[in-house]
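Coordinates in review
One letter stands for each residue in the lines below.
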Amino acid sequence: METTSIRVKLGDLLLDPNNYRFIDRSDYTPVSAEHIADERVQKRTLDFLRGKSYENIEDLINSFKTNGILKQDPIQAKRTSNGQLVVIEGNRRTAALKTLQDRNARNLDIGILQPEDFDNIEIIEIQPSSSGSDRKQELIAMGLNHIGGKKRWSPLNQAQLVYDLLHQCDMKEDDVCASLGISKQLLKRSQRTLGLISRYKQSDFGDQFTTTMYSIFEEIMKTPDIKGWLKWNDAEMSCGNAVNEEKLFSWISRIEDSETSDDFDSEMRILSEPIITKSTDIRNLAKFINDKKAIAEMEAKRDLVNAFANSTAVGKNEVKSALQNLEIDLKKLKKSSDYIELKQVAKLNECKELLRSLAPDNGSIPRLNPTNIHNIDEGVFNGFDVLDIGDYRCLSNIELDRLSRINLFVGQNNSGKTSMLEAVYILSQLNDLSSFIELERLRGKFYDHFDPRWVSRIFNSDIYLHGRYAAGNNTNVANVAIIKDDSDSVQNRTGYLTTLRCEAIGTENSHEDAVLYDYNSELRLYSYKWPEFIYSKMVHLCSASFTSPYRNNDELLKIAHRMAVQNGYIQDILNFIRREMDSQIMDIQLVDMGAESRFFVTSTRHDRGIDLTKYGEGMQRVFEIALLIGLCQNGILCVDEVDSAIHTALLKPFALFLDSLAERFNVQLYISTHSKECIDAFSAVPDNRLMAYHLFRDENGKVDYKFIEGKRLRELVASINIDIR
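Let us look at the structure shown here. (Residues numbered from 1 in each chain as written. Predicted model: local features only at pLDDT ≥ 70, side-chain atom pairs only at ≥ 80, totals over all residues. Heavy atoms only, no water.)

Right, let's talk about the packing of aromatic side chains for a bit. Geometrically, a pair of aromatic rings is defined through the distance of the ring centres and the angle of the planes. Inspection of the entire model under this criterion finds 22 aromatic pairs. For the ring pair F436 and F459, a centre distance of 5.9 Å and an interplane angle of 85 degrees mean the geometry is edge-to-face. In this pair, F436 sits in helix α17 (residues 433–443) while F459 sits in the loop between α18 (452–458) and β14 (463–471), placing the two residues 23 residues apart along the sequence. In terms of burial, F436 and F459 fall into one category: buried. On the basis of an interplanar angle of 65 degrees and a centroid distance of 5.7 Å, the ring pair of Y496 and Y526 is categorised as edge-to-face. Here Y496, found in strand β16 (residues 496–508), pairs with Y526, found in strand β17 (residues 511–526); they are 30 residues apart in sequence, far enough to count as distant. Of the two residues, Y496 and Y526, both sit in the buried class. Put simply, the rings of Y200, F209, F217 and F249 touch in pairs and so form one group of aromatic residues. (Phe/Tyr/Trp six-rings, centres within 6.5 Å; stacked < 30°, edge-to-face > 60°. Helix = DSSP H or I, 4+ residues; strand = E, 2+ residues; numbered from the N terminus. Buried < 20%, exposed > 50% of the residue type's maximum accessible area, 1.4 Å probe, protein only.)

Pairing is antiparallel across the open sheet formed by three strands, whose spatial order is β21-β22-β23. Each edge of the open sheet is held by one strand with a lone partner, namely β21 (585–592) and β23 (610–611). Pairing analysis gives seven bridges linking β21 to strand β22 (residues 597–603), with the strands arranged antiparallel. Its bridge partner being in β22, D587 is matched across the sheet by T602. Here helix α19 (residues 554–567) sits on the sheet and contacts β21 and β22; the angle it forms with β21, its principal contact strand, is near 120 degrees. (Pairing = 2+ DSSP bridges. Contact = heavy atoms within 4.5 Å. Axes fitted to C-alpha atoms, helices over the stretch in contact; angles between N-to-C directions.)

With that out of the way, let us pick up helix α14 (residues 312–335). Counted at 1.5 Å a residue, the expected span for α14 with its 24 residues is 34 Å, and the 35 Å between its end C-alpha atoms agrees. The opening residue of α14, the one whose side-chain oxygen lies 3.3 Å from the backbone nitrogen of V314, is S311. (Expected span 1.5 Å × (residues − 1). Polar contact = N/O pair within 3.5 Å; in protein donor to acceptor, adjacent residues only side chain to side chain.)

With that settled, the discussion passes to the nonpolar core. Residues F623, L637, V642, F654, L669 and F682 are the most contacted members of the largest nonpolar core, which totals 57 residues. Leaving out residues up to four positions away in the same chain, L669 has contacts with R405, I406, N407, I629, L637, L658 and A662. Core analysis: the next-biggest nonpolar cluster, separate from the first, contains 56 residues, C502, V539, F546 and Y705 among them. (Core = buried A, V, L, I, M, F, W, Y, C linked by side-chain atoms within 4.5 Å.)

The next thing to look at is the packing of helix α1 (residues 39–50) against helix α3 (residues 91–105). Orientation of α1 relative to α3, taken along the N-to-C sense of each, is 105 degrees, at an axis distance of 9 Å. Considering their axes alone, α1 and α3 lie roughly perpendicular with respect to each other. Only N91, R92, A95 and T99 of α3 make contact with α1, whose side of the interface consists of L46, L49 and R50. When the residues that make up the contact of α1 with α3 are grouped by side-chain class, the tally is three nonpolar, two polar and two charged. (Parallel < 35°, antiparallel > 145°, perpendicular 65-115°, else oblique. Nonpolar A, V, L, I, M, F, W, Y, C, P; charged D, E, K, R; others polar.)

On to the side chain of S672, then. Here S672 lies in strand β25 (residues 668–673). Every residue in contact with S672, bar those within four places of it in the chain, is listed here: F409, K417, L421, V639, D640, E641, V642 and D643.

Okay, the sheet that holds strand β2 (residues 13–14) next. Within the open sheet, the five strands sit side by side as β1-β5-β3-β4-β2. Their pairing is mixed. Looking at which strands have only one partner, the edges of the open sheet turn out to be β1 (3–8) and β2. Where strand β3 (residues 75–79) meets strand β4 (residues 85–89), four bridges bridge the pair, whose relative direction is antiparallel. When the bridges of β4 are listed, K78 appears paired with V86. The sheet strands contacting α3 are β2, β3, β4 and β5 (121–126), and the helix crosses β4 at an angle near 125 degrees.

In structure tokens form, the structure reads like this:
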């Protein structure tokens, strides 16, 4: 390519209306050689180059005003068939100078430039080549500046120039790469991208193409999974799967649809925004492109994020990747285990528990610990007046309407005593399914690993419980239902067993339609992982606890002890123990042992504290029940087999002590026993604060009951030594 340095007037230079930087504009149309000099064409080209508010050339204007016209980067032009000069390289510079010339004509500031500078512009004139390779040389010159140079065109414009070198100038791929200094990978990808864009422009959505969409099409061509789904053919630049191609184009486009109104029989136009709006969306799409269910959900909701989050394919890939990384990291940790410090052991234990939660032994159910539990009727609950056990285990359609401060349940084994206490406790917990699960854990004697399959198997009857109670001037009813349900909202059903759904509704007894609260929760059980506990808010009716000689309440007992110490009634409990059990006991304190805390007894009999468990079961039982009454202030305490491990001689004083604590803390007691000595002891409770219930099975095996008021029980015990069991 031969060139000559010449000087010309700025007005003699024509801007190139077919400049590559214009081809991605929606208002661009190619201009033939004979119309390049048209005034309207030149004005439109100048506007294109300037941009809005001269933003495209502002940097050059400032440079010319400050530095003048520098010779390092001259404008290049060629002559048309009629001898006019058309700028080939330097159209922005030419536009900037024309703008400054116009400002000078209007007496505006042009910096250090002089008016005569516009009539003496040094340019490089490209001479016609004898070989006829002018066009190729022009394109290469532009490519060097705008593909590999400092002022790069948009990727679409770059791709188009490479396309023209290949197809207009018949250059080989290797020659184009060598001439422009680009890699063959970049060249091929740009041409595939341009090929897909061409197909999009020919589709029903072609009028929506913009330059900013180039990165989306480029990402498609970089993603093997999407190309495979399209059955893209590199050689033919076409898609083998036309259906999938149309789907993809619809995902990156606005969709116009219509809906007919039944009222007016008119058609309403509906416009939906694109599902895919950026290149990163393509990367996420690739992860579930072959997941038909996820794709269908994405199309239905036009929401890629939701489909991605719920895709089975994505989940499986993430698990696979995470496991691979975990294995690598664990091997590294094992290799460097000699350097593990003591303070890092706690973090390792946390990680171990996290792993157990992902792959628990036999699908173990962990301890469920809901946070921010609110007591609905804190401070106004004075115990139930009526209990209606609709269905719970062996209990069905049983209504207790003579409840008192202390309610004693007696009867033979398997008569429903423990079930009655559990029903009351579950009712008090409203929508807290964790309390129900703990009862099942302890009843099944699962202290470490609690198999969810056991819960699923033994839960063969839904639970319905109702309780009426006074709340200020109103009478309210608490209703709890726990239902076994195969939830439709569980998407990943691998290992899914069942769902326990709990609904707690409070109403005013005088206005059945007046709903005071309505709270739900769900517990989804799986055979291979920990359950999903779902709730928006966790509520209890009041403070409540359940204690049994066969159930461990260590953590709850520690909380109760702290409360007893803070509120000062710990001494009342200690005084009872000294008076009735061991006069030499001085104190029972909770001692921090580092990893755990234990109760220690100080006594004049020993020179150091002794662990409470070294004392008899009777003292531990008395201490526990008394502490829990204080913890359940204005609530309920359920005590199963209250007489267990307690000496017969202690039963009456203990019964009267419990009665005094229950009155003091406004706690309603539900107590079970099968001991006549215990029944006789509780008969000493003042008349209006005891109700005894004898549970039994009728001739059909159904649990029924008889009741006797406290005063009448005391009279019959004194007169005929009655045994109501």
